[in-house]
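A closer look at the structure
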Amino acid sequence: MARFSREQIEAQIRDQLVRDGFSADVARSAAMRGAEHYTSRPNASIASSLAIAKTYAKPLKRVRDKPDRPHVPGRRKGAYR
């Protein structure tokens, strides 16, 4: 199995995150975290590094003061009828 350099992994993860719809800034930050995971773990794969990067990018993608899902009037959590 080939080992890639940190820069190569960052580029691969960043390109994939941009294709998945993340902004360039978020993709760059998350790619750095994914590449760090890849280089620090001896058995890390590109797929696991991409999963780590997506997990890291999820909260970065959110806009401040905006809920993560739209409000639906009349539906409360835990209310059964």
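Further up the page is the structure itself.
Residues numbered from 1 in each chain as written. Predicted model: local features only at pLDDT ≥ 70, side-chain atom pairs only at ≥ 80, totals over all residues. Heavy atoms only, no water.

1. A few points about the pattern of salt bridges
Let me state the cut-off plainly: Basic side-chain nitrogens of Lys or Arg form a salt bridge, by our definition, when they fall within 4 Å of a carboxyl oxygen of Asp or Glu. Each helix corresponds to a stretch of at least 4 residues labelled H or I by DSSP, and each strand to a stretch of at least 2 residues labelled E; elements are numbered beginning at the N terminus. Whether a residue is buried, partly exposed or exposed follows from its accessible area with a 1.4 Å probe, protein chains only, as a fraction of its type maximum: under 20%, in between, or over 50%, in that order.
Tallied over the full model, the rule gives three salt bridges. Where aspartate 20 meets lysine 54, a salt bridge forms, and the shortest distance between an N and an O atom there is 3.0 Å. Separated by 34 residues along the polypeptide, aspartate 20 in the loop between α1 (6-19) and α2 (24-40) and lysine 54 in helix α3 (residues 46-61) bring together distant segments of the chain. You can call aspartate 20 partly exposed: its relative accessible area is 38%. The closest approach of N and O atoms between arginine 28 and aspartate 25, which form a salt bridge, is 3.4 Å. Linking arginine 28 with aspartate 25, this pair stays in helix α2, spanning three residues, or about one helical turn.

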